[in-house]
Amino acid sequence: MVGGAAVAALEMAGCARPRGAAGIPAPPEVETLRAAAARRGLLAGCAVQVQHLRDDPMYAALVGQQAGIIVEESALKFGPLRPSPTEYFFDNADYLFAFAKKHKQKVRGHNFVWHEQIPKWFAGYVTSANAERVLVEHIERVGGRYKGRVHSWDVVNEAIEIKDGLPGGLRNSGWQVVLPGHGDVPAYIEIAFRTARRVDPKAMLVYNDYGIEADDAKSEAKRKAVMTLLRNMLARGIPVDALGVQSHLTAGSHDAFGPEYAYGAGLRSMIVEARGMGLKVLLTEMDVNDRKLPASVAARDAAVAATYSGYLREALADEAVVALLTWGITDKYTWLDYGFQQREDKQPQRCLPFDAGMQATAAFFAVRDAIDAARGGRG
């Protein structure tokens, strides 16, 4: 059941009062995120971990109930798929697609090219002489295996890093080193997108990045570099269909924590610019970090819900946005409880639509109400 703290948080965040209990499974009077989104021509879903789909029945039930589209956090990345230059490990990815088929869900592919989760053998094996062959063969093998079953591929992930100092703000990644090219679009990006289109013509091809959502100067600089890269790709006839905006957000007062936690004008202008290029926009990895907030669960729930609500109402007002996925569905398995993202007091974060007990939080109703407020009929 949704308790008094959650109800109070909803009221503080300006969200609708819950219309019934939530849990596994949700009762009929509480509409799921996937159903609410479908009524608006949207896709709503989440990132998943196959290990938990296998081992945690309540988690699997929740994902099957709430998500119209899923993406595996790691199973389709280069490193996990490639134990050696000649071997592929498809077990987890195959399980993902079987689960999605059973629950009538779409699947996102994440990702063909990224600077992290690259296998150890990459550095000693991939050179400028063989890099194109390695990349093309990887996309042919992986993309070909799941051809016709992928809604959208993050073909290239996080290719911009301003502090690296390269022209255009490009990241000095392993792929950039071996396949830089000589134009305004790195060779590895062009090769990856053209190969992905050839291998799976029906999949939406996405460029995905983080840190481009907020209104501070750092985000604005990265946003500008990302949009310039996309314009250059389109000018070269490179087949890119959509911009993926990761949307790892931080809850907190603008006045208290600064403009990097404000989302509004920059987000709107980026979506408008993408639409003007003929691109769709996907919110690909949403969560709301509460590490700047006090320990009070009620206060955190209210601020997290308000952040989801404000962000989504801005983004979903534009019909270019066709999908929203949270990076996880339950606080039980969030990455935000580890490493540099965790709270100083080590309290578990309350960052997703369902808490660690898989009960609906204020964030759930904030997301669902923002979906309800979105304009329908988008493609």
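Our subject in this report is the structure included herewith. (Residues numbered from 1 in each chain as written. Predicted model: local features only at pLDDT ≥ 70, side-chain atom pairs only at ≥ 80, totals over all residues. Heavy atoms only, no water.)

Under the 1.5 Å per step criterion, the end-to-end length of helix α6 (residues 91–102) is 17 Å for twelve residues, consistent within 8% with the ideal 16 Å. Listing the buried residues of α6 in full gives Ala93, Leu96, Phe97, Phe99 and Ala100. The arc that holds every buried residue of α6, seen down its axis, measures 160°, which confines them to one face. In this structure, α6 carries Lys101 and Lys102 as exposed residues pointing more than 90 degrees from its buried face. Here the buried face of α6 lies against β1 (43–48), α3 (50–55), α4 (57–66), β2 (69–72) and β3 (106–113). In the segment just after α6, Lys104 is the residue with positive phi, at about 55°. (Helix = DSSP H or I, 4+ residues; strand = E, 2+ residues; numbered from the N terminus. Expected span 1.5 Å × (residues − 1). Buried < 20%, exposed > 50% of the residue type's maximum accessible area, 1.4 Å probe, protein only. Arc of directions from axis to C-beta. Contact = heavy atoms within 4.5 Å.)

In this fold, Gln105 is placed in the loop between α6 and β3. A residue is classified by how much of its surface remains accessible, and Gln105, at 9% relative accessible area, is buried. A distance of 2.9 Å separates the side chain of Gln105 from the backbone oxygen of Ala67, its partner in a polar contact. Look past the residues within four positions of Gln105 in its chain and what remains in contact with it is Arg34, Val63, Gly64, Ala67, Gly68, Ile70, Phe99 and Ala100. (Polar contact = N/O pair within 3.5 Å; in protein donor to acceptor, adjacent residues only side chain to side chain.)

Looking now at the pairing of β2. Covered by surrounding structure in β2 are Ile69 and Val71 together with Ile70 and Glu72, the residues of both alternating faces. The sheet contact formed by β2 and β3 spans three bridges and is parallel. Paired with Ile70 across the bridge in β3 is Val107. (Pairing = 2+ DSSP bridges.)

Here we come to the pairing of strand β5 (residues 204–209). Burial runs high along β5: six of the six residues are buried. Side chains Met204, Val206 and Asn208 of β5 all project onto a buried face; the interleaved residues Leu205, Tyr207 and Asp209 project onto the opposite face, where all are buried too. Here strand β4 (residues 152–157) runs beside β5; their pairing, made up of five bridges, is parallel. When the sheet's bridge partners are listed, Asp154 is paired in β5 with Val206. As paired elements, β5 and strand β6 (residues 242–245) share four bridges and run parallel to each other. Bridge assignment links Tyr207 to a residue of β6, and that residue is Leu243.

Before going further, it helps to examine the packing of aromatic side chains. Following the criterion strictly, the structure yields 13 aromatic pairs and no others. Ring centres of Phe78 and Trp121 lie 6.0 Å apart, and the angle between their planes is 50°; this geometry places the pair in the tilted category. Of this pair, Phe78 sits in helix α5 (residues 78–81) while Trp121 sits in the loop between β3 and α7 (122–125); the two residues are 43 residues apart in sequence, bridging distant segments of the chain. There is no split in this pair, since Phe78 and Trp121 are both buried. For the ring pair Tyr88 and Phe90, a centre distance of 5.5 Å and an interplane angle of 5° mean the geometry is stacked. Assessed through its relative accessible area of 6%, Phe90 is described here as buried. (Phe/Tyr/Trp six-rings, centres within 6.5 Å; stacked < 30°, edge-to-face > 60°.)

What follows deals with the packing of helix α14 (residues 297–315) against helix α15 (residues 362–373). In contact at an axis separation of 8 Å, α14 and α15 are set at 20° when each is read in the N-to-C sense. As the angle between them shows, α14 and α15 are arranged roughly parallel. Crossing hand, α14 versus α15: right-handed. Seen from α14, the contacting residues are Asp301, Val304, Ala305, Tyr308, Ser309, Leu312 and Arg313; seen from α15, they are Ala362, Ala363, Ala366, Val367, Asp369, Ala370 and Ala373. The residue makeup of the contact of α14 with α15, split by class, is ten nonpolar, one polar and three charged. (Axes fitted to C-alpha atoms, helices over the stretch in contact; angles between N-to-C directions. Parallel < 35°, antiparallel > 145°, perpendicular 65-115°, else oblique. Left-handed = near helix turned anticlockwise from the far one by under 90°. Nonpolar A, V, L, I, M, F, W, Y, C, P; charged D, E, K, R; others polar.)

Moving on, we get to the packing of helix α13 (residues 265–276) against α14. As a packed pair, α13 and α14 sit with axes 9 Å apart at the nearest point and diverge in direction by 30°. Judged by the inter-axis angle, α13 sits roughly parallel to α14. Classified by chirality, the crossing of α14 by α13 is right-handed. Side by side, α13 and α14 meet where Leu267, Arg268 and Ile271 of the first sit next to Tyr311, Glu314 and Ala315 of the second. In terms of residue class, the contact of α13 with α14 is built from four nonpolar, no polar and two charged.

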